[in-house]
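Results of the structural survey
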Amino acid sequence: MILMITGTRTGIGKALAEHFLDAGHDVVGCSRKPATLDHPRYRHHQVDLADAGPTRSMFRSVRQEYGHLDALINNAGTSSMNHFMTTPEETSRKIFDINFFAVLNCCREAVKLLRKSSGPSSAILNVSTVAVPWALEGQLAYSASKSAVEQLVRVMSKELSAFNIRVNGIGLPPVHTVLTRTVPRPKIDALVARQAISRQCTTADIVGPVEFLIGRQSEFITGETLFLGGVH
Ligand SMILES: NC(=O)c1ccc[n+]([C@@H]2O[C@H](COP(=O)([O-])OP(=O)(O)OC[C@H]3O[C@@H](n4cnc5c(N)ncnc54)[C@H](OP(=O)(O)O)[C@@H]3O)[C@@H](O)[C@H]2O)c1
């Protein structure tokens, strides 16, 4: 498979890239800062996904090098934790730029390459968060942007079914990464205690469900966001 995973410099995106490279696939990744991965089957693009032009150029070079994609994992994301009264509008807009509009742009560009996949279906997978079903305080813009992504999953799954492209989401509870390193431990523990499986999610818990959702075993699944850890 040829996969594109956004946000592969750190955290979940990096763990996913390492997993799929180990499994023998080709991985195209990106981030604003330089790559932290070095592998003969890994290509890194240094791009800010908030900029539509450079994002398009990245997909153009993927087309030139590989001709198609089998899966796109929209993982890159950002958050800011603050009461909405003290969150500047610019911060909320930046969150939407990366978490929603960049996802939309990547999907639009990727569809042209996913349509050329030789498999019976190709897949888009978007990353969401427990902040949506739990409507977490202090995460208004973040959870609203991911809520928009979950709606994108539902609508886009219908709009792309004629092209044999499936669109799903994966909803994650707290994972220890750069994104969450400043969240105080008691706050993380309180969230973990709300999960049916009350231990903290790790990247090892994520790779299996991701592999399932982009792979052949889930060929009849589209328009769903699967939450890990028992969060409902
Ligand atoms: N960690 C959690 O507890 C948790 C829980 C639920 C959902 N999630 C979701 O999981 C996804 C990954 O998060 P993570 O925890 O792994 O965070 P992370 O460690 O901060 O990784 C984010 C990645 O995205 C890249 N990135 C950020 N903004 C970008 C931009 N504008 N253009 C290109 N690349 C960009 C970053 O690289 P650069 O800085 O170099 O750009 C980095 O590689 C996010 O969508 C997040 O919302 C995380």
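Analysis parameters
- Every residue gets a number counted from 1 within its own chain, in the order that chain's sequence is written.
- Reporting in this predicted model follows two pLDDT cut-offs: at least 70 for local features of residues, and 80 or more for side-chain atom pairs to be given and counted; totals over whole chains, interfaces and linings ignore these cut-offs and use all residues.
- Values shown for side chains rest on all heavy atoms present in the structure; no hydrogens or waters enter the calculation.
- All axes are obtained by fitting lines to C-alpha atoms, using only the stretch in contact for helices, and the reported angles, taken between N-to-C directions, cover 0 to 180 degrees.
- Secondary structure elements are taken from DSSP: a helix is a run of H or I of four residues or more, a strand is a run of E of two residues or more, and numbering for both begins at the N terminus.
- Handedness of a crossing is defined here by the sense of rotation of the near helix relative to the far one, left-handed for an anticlockwise turn of less than a right angle and right-handed for a clockwise turn.
- Whether two residues touch is decided by their heavy atoms; if any such pair falls within 4.5 Å, the residues are in contact.
- Residues are grouped as follows: Ala, Val, Leu, Ile, Met, Phe, Trp, Tyr, Cys and Pro are nonpolar; Asp, Glu, Lys and Arg are charged; all remaining types, including Gly, are polar.
- Here a salt bridge means any side-chain nitrogen of Lys or Arg lying within 4 Å of a carboxyl oxygen belonging to Asp or Glu.
- For every residue, the accessible area (1.4 Å probe, protein chains only) is compared with the maximum for its type, and the residue is labelled buried under 20%, exposed over 50%, or partly exposed between those bounds.
- One less than the number of residues in a helix, times 1.5 Å, gives the span that helix is expected to have.
- Note that the arc is defined by the directions from the helix axis to the C-beta atoms.
- Only a single heavy atom is needed: when it lies within 4 Å of a molecule or strand, its residue is near that molecule or strand.
- Two N or O atoms form a polar contact when they lie within 3.5 Å of each other; inside protein one atom must be a possible hydrogen donor and the other a possible acceptor, and for residues adjacent in sequence the pair counts only when both atoms belong to side chains.
- Residue burial considers only the protein chains on display, and all accessible areas are found by Shrake-Rupley using a 1.4 Å probe.
- The distinction between a cavity and a pocket rests on a 1 Å grid over the protein atoms alone: a 1.4 Å probe fits inside a cavity but cannot get out, while a pocket stays open yet meets protein on both sides within 12 Å along at least five of seven lines, and a residue with an atom within 4 Å of a point counts as lining.
- For a molecule to be placed in a cavity or pocket, more than half of its atoms must lie within 2 Å of the grid points of that cavity or pocket.

Concerning the packing of helix H1 (residues 11–22) against helix H6 (residues 203–214)
Relative orientation of the contacting elements H1 and H6 amounts to 65°, with a least axis distance of 10 Å. For the crossing formed where H1 meets H6, the hand is right-handed. Taking contact as the criterion, the partners of Gly11, Ile12, Ala15, Leu16, His19 and Phe20 in H1 are, on H6, Thr203, Ile206, Val207, Val210, Glu211 and Ile214. Residue composition of the contact of H1 with H6, grouped by class: eight nonpolar, three polar and one charged.

Overview of the pattern of salt bridges
Evaluation of the coordinates by the stated rule reveals six salt bridges. When the shortest N-O distance is used, the salt bridge between glutamate 109 and lysine 112 registers 3.1 Å. Here lysine 112 and glutamate 109 lie together in helix H3 (residues 89–114), a separation of three residues that amounts to about one turn. For glutamate 109, a relative accessible area of 12% puts it in the buried group. The partner of arginine 185 in a salt bridge is aspartate 189, and the shortest N-O contact between them spans 3.1 Å. Taken together, the residues span about one helical turn, with arginine 185 and aspartate 189 both in helix H5 (residues 185–194) at a distance of four residues.

Observations regarding H6
Compared with the 16 Å implied by 1.5 Å per residue over twelve residues, the 16 Å span of H6 between its first and last C-alpha is a close match. Within H6, the full set of buried residues consists of Ile206, Val207, Val210, Leu213 and Ile214. Buried positions in H6, seen along its axis, are confined to an arc of 135° and lie on one side of it. Looking at the packing, one finds that the buried side of H6 touches strand S1 (2–6), H1, strand S4 (71–74), strand S5 (122–129), strand S6 (165–172) and strand S7 (225–227).

Structural notes on the site of the ligand
Lining the immediate environment of the ligand, one finds 29 residues, of which Arg9, Arg32, Asn75, Tyr142 and Thr177 sit closest. Between an oxygen atom of the ligand and a main-chain N or O atom of glycine 7, the distance comes to 3.3 Å. Interatomic distance of 2.7 Å between a backbone N/O atom of valine 175 and an oxygen atom of the ligand. Its free accessible area being 890 Å², the ligand has 96% of it covered by the protein chains. Applying the majority rule of atoms within 2 Å of the grid points places the ligand in the largest pocket. When residues of the shell around the ligand are traced back to their parent elements, those giving at least two are H1, S5 and helix H4 (140–160). Broken down by element, the shell around the ligand gets its largest block of residues, three residues, from S5. A per-class count over the shell around the ligand returns 13 nonpolar, eleven polar and five charged.

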